[in-house]
Amino acid sequence: MPPCNCHHQSQLDYQLTNAGRRRFMLDSLAAAGGLAAAMSMPGMMRRAMADDTIVRIGYLPITDATPLLVAHALGYFEEEGLNVADPELIRGWSPLVEGFTRGRFNLVHLLNPIPVWMRYNNNFPVKIMAWAHVNGSAVLVSGQSGAEEFSDLGGKQIAVPYWYSIHNTLLQMALRDAGLEPVIQDQAAPLADNQVNLMILPPADMPPALAAGRIDGFTVAEPFNAAGELLAGGKLLRFTGDIWQNHPCCVVCMNENQIEANPECTQKTLNALVRASIYAQQNKIETAEMLSRDGRGYLPMPAEVVIRAMSHYDVDDYASPNAIRHSEWGSGRIDFAPYPYASATRQLVSAMNETLVGGDTTFLDGLDPDFVADDLVDYRYVRKAMEQYPEAHLPGTPEGQRWEREERIQL
């Protein structure tokens, strides 16, 4: 495989992201007509997208992108007979969504709630094809915060990566359970003792903001929790996979038009991704080293940070605060299991109705979780790939839970 020549410049661009770009969120994208423009493309351009057999990956530099990056790095796409371009590192979720809707990318990972918003608020033909990973996120606080429980976060400023994220949803579940009220307001505005102010920050900005005292904590995907621990004086309050067992975070998405026009290419793409998930699950240290800036350079973090993010999940090391309370679940800090359980989609849609976000959420009114689980997710290709590669199920998964499960959430 040729090296990814775009990575070093992309990393520099990522670091130089300006404040205005950081505030460019999904709703502002809709207001600017980004999705509308993409959905009103001339038929010729749409046909070009549908007929495109080159895999073009867009990704954020987080471990959620692991299967896409491993499949590229190890040549799995080519082994399936596909052409693949070098993955392109993108600064934030809104530019990635925009690139996907305009056809710049045809294979992306998105925060699980984002496709719900795209399909039912904007009528964009996005389909969830697989899970990128499970678990792999946490809530981290400043070492000076004194916080040992969620109930200690009253009066604090906490950053989330996006309003439409599993991080925002699980954080707010935990805050409400602790008797606290999530709010969204200017940081300079006074907070009541029982209120927690939430704000959007890109993942890469979170550790520096924590170290500078501009926020009291954050919740995000890896490797930025590990970076917060090693580089910003933070401590983990709770792993989100210890709240919702083996929860999805990012999902692999494609355009429904492309799927239907090229079912053979779609199957080959999912075959490659399932194989990559198996490799990542079975070789976490090697995967971390490969993805890091000391390896192939897909992620702008040193190997020690990515290795910690992939593998460090020790109950004794995380006893104060008590970040791991369900060691009997057998979860890892991050795991790779691509099957998109319908029960998790239903759980997420129900939880989104209770989650405070910036912007209009009327599209959620009356949105039936059962309908979304059937309509938004395409189970055909990932299931066929996993029947060919059954080791893609998490080790120890009972036969009766390979395709259906009950969700377990314990705050």
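Scroll up a little and you will see the structure.
Residues numbered from 1 in each chain as written. Predicted model: local features only at pLDDT ≥ 70, side-chain atom pairs only at ≥ 80, totals over all residues. Heavy atoms only, no water.

This part covers the sheet that holds strand 10 (residues 181–183). For sheets, the rule is that strands pair by backbone hydrogen bonds, running either parallel or antiparallel. Strands sit in the order 10-11-9-12-8-13 across an open sheet of 6 strands; the sheet is mixed. Taken across any chain shown, the strands that pair with only one partner, and hence form the sheet edges, are strand 10 and strand 13 (234–239). Mean inter-strand twist for the sheet, computed between neighbouring axes without regard to direction, equals 30°. In this structure, strand 8 (residues 137–142) lies alongside strand 12 (residues 217–221), joined through 5 bridges in antiparallel fashion. Bridge pairing links S137 to A221 in strand 12. (Pairing = 2+ DSSP bridges. Helix = DSSP H or I, 4+ residues; strand = E, 2+ residues; numbered from the N terminus. Axes fitted to C-alpha atoms, helices over the stretch in contact; angles between N-to-C directions.)

On to the sheet that holds strand 5 (residues 107–111). The 5 strands are arranged 4-2-5-14-6 in an open sheet whose pairing can be described as mixed. Two strands in the sheet have a free side with no partner beyond their single neighbour: strand 4 (88–89) and strand 6 (126–131). The sheet contact formed by strand 2 (residues 57–59) and strand 5 spans 2 bridges and is parallel. By the bridge assignment for strand 5, G58 is matched with V108.

Here we take up helix 17 (residues 342–352). Counting buried residues in helix 17 gives 8 out of 11 residues, a clear majority hidden from the surface. Looking only at helix 17, the buried set comprises A342, S343, A344, T345, L348, V349, A351 and M352. (Buried < 20%, exposed > 50% of the residue type's maximum accessible area, 1.4 Å probe, protein only.)

Turning to a negative patch on the surface, a few remarks are in order. A surface patch of negative charge is lined by E286, E289, D294 and E304. On the secondary structure map, D294 appears in the loop between helix 15 (284–291) and helix 16 (303–311). (Patch = residues over 30% accessible without salt bridge, like charges linked within 9 Å, V, L, I, M, F, W, Y side chains within 5 Å. Areas by Shrake-Rupley, 256 points an atom, 1.4 Å probe, with all protein chains shown as cover. Salt bridge = Lys/Arg side-chain N within 4 Å of Asp/Glu carboxyl O. Lys, Arg positive; Asp, Glu negative; His and termini not counted. Charge placed at Lys NZ, Arg CZ, Asp CG, Glu CD.)

Before going further, it helps to examine the layout of surface pockets. Quantified by volume, the largest pocket comes out at close to 530 Å³. Taken together, 25 residues make up the lining of the largest pocket; nearest its centre are Q245, N246, L394, T397 and Q401. In the lining of the largest pocket, the residues fall into 11 nonpolar, 10 polar and 4 charged. (1 Å grid on protein atoms, 1.4 Å probe; cavity = no way out; pocket = protein on both sides within 12 Å on 5 of 7 lines; lining within 4 Å. Points joined across faces, edges and corners; volume = space filled by probe spheres on them. Nonpolar A, V, L, I, M, F, W, Y, C, P; charged D, E, K, R; others polar.)

Applying the stated criterion to the full structure yields 7 cavities of 30 Å³ or more. Roughly 100 Å³ of internal volume is contained in the second largest cavity. Mapped by element, the contributors of at least two residues to the lining of the second largest cavity are strand 1 (54–55) and helix 14 (263–282). Counting residues per element, the lining of the second largest cavity draws most heavily on helix 14, at 3 residues.

Moving on, we get to the pairing of strand 9 (residues 157–160). What you see with strand 9 is no split at all: Q157 and A159 on one side and I158 and V160 on the other are buried throughout. Here 4 bridges tie strand 9 to strand 11 (residues 195–200), and the two strands are oriented parallel to one another. Looking at strand 11, one finds that I158 is bridged to L198. As defined by bridge partners, strand 9 adjoins strand 12 across 2 bridges and the pair is classed as parallel. Counterpart to I158 in the pairing with strand 12 is G217.

Evaluated as defined, the whole model comprises 10 aromatic pairs. Taken together, a centroid distance of 6.1 Å and an interplanar angle of 40° make the contact between Y339 and Y379 tilted. On the criterion of sequence distance, the pair formed by Y339 in the loop between strand 15 (334–335) and helix 17 and Y379 in the loop between helix 18 (369–375) and helix 19 (380–388) is long-range, its members being 40 residues apart. Across the pair, exposure class does not vary: Y339 and Y379 are buried alike. Joined through ring pairs, the aromatic side chains of W131, Y339, Y341, Y379 and W403 make up one cluster. In this structure, R275 is placed above the aromatic ring of Y76, and the distance from its NZ or CZ to the ring centre is 4.0 Å. Just above the ring of W403 sits the side chain of R383; from NZ or CZ to the centre is 4.2 Å. (Phe/Tyr/Trp six-rings, centres within 6.5 Å; stacked < 30°, edge-to-face > 60°. Lys NZ or Arg CZ within 6 Å of the ring centre and 35° of its normal.)

For the rest of this paragraph, the subject is the environment of P263. With respect to the secondary-structure elements, P263 resides in helix 14. Judged by relative accessible area, P263 falls into the partly exposed class, the value being 40%. Along the chain, P263 and Y381 lie 118 residues apart, while their C-alpha atoms are 8.6 Å from each other.

Here we take up the pattern of salt bridges. Opposite charge on two side chains permits them to pair, given that their charged atoms come into close proximity. All told, the structure shown has 20 salt bridges when counted by the stated rule. Here E264 ties to K268 by a salt bridge, and the two come within 3.4 Å at their closest N and O atoms. Placement of both E264 and K268 in helix 14 is noted, with a separation of 4 residues, approximately one turn of the helix. Accessibility expressed as a relative area gives 55% for E264, which makes it exposed. Classification of K268 as partly exposed rests on a relative accessible area of 24%. Members of the salt-bridge network, linked through shared partners, are E222, E229, R308 and R333.

With that out of the way, let us pick up the packing of helix 14 against helix 19. Two numbers describe how helix 14 lies on helix 19: the axes approach to 9 Å, and their chain directions differ by 50°. Relative to helix 19, the element helix 14 lies oblique. Here helix 14 runs over helix 19; the crossing is right-handed. The residues of helix 19 that touch helix 14, namely those facing P263, T266, Q267, L270, N271 and V274, are Y381, V382, K384, A385, M386 and Q388. A breakdown of the residues in the contact of helix 14 with helix 19 according to their chemical character gives 7 nonpolar, 4 polar and 1 charged. (Parallel < 35°, antiparallel > 145°, perpendicular 65-115°, else oblique. Left-handed = near helix turned anticlockwise from the far one by under 90°. Contact = heavy atoms within 4.5 Å.)

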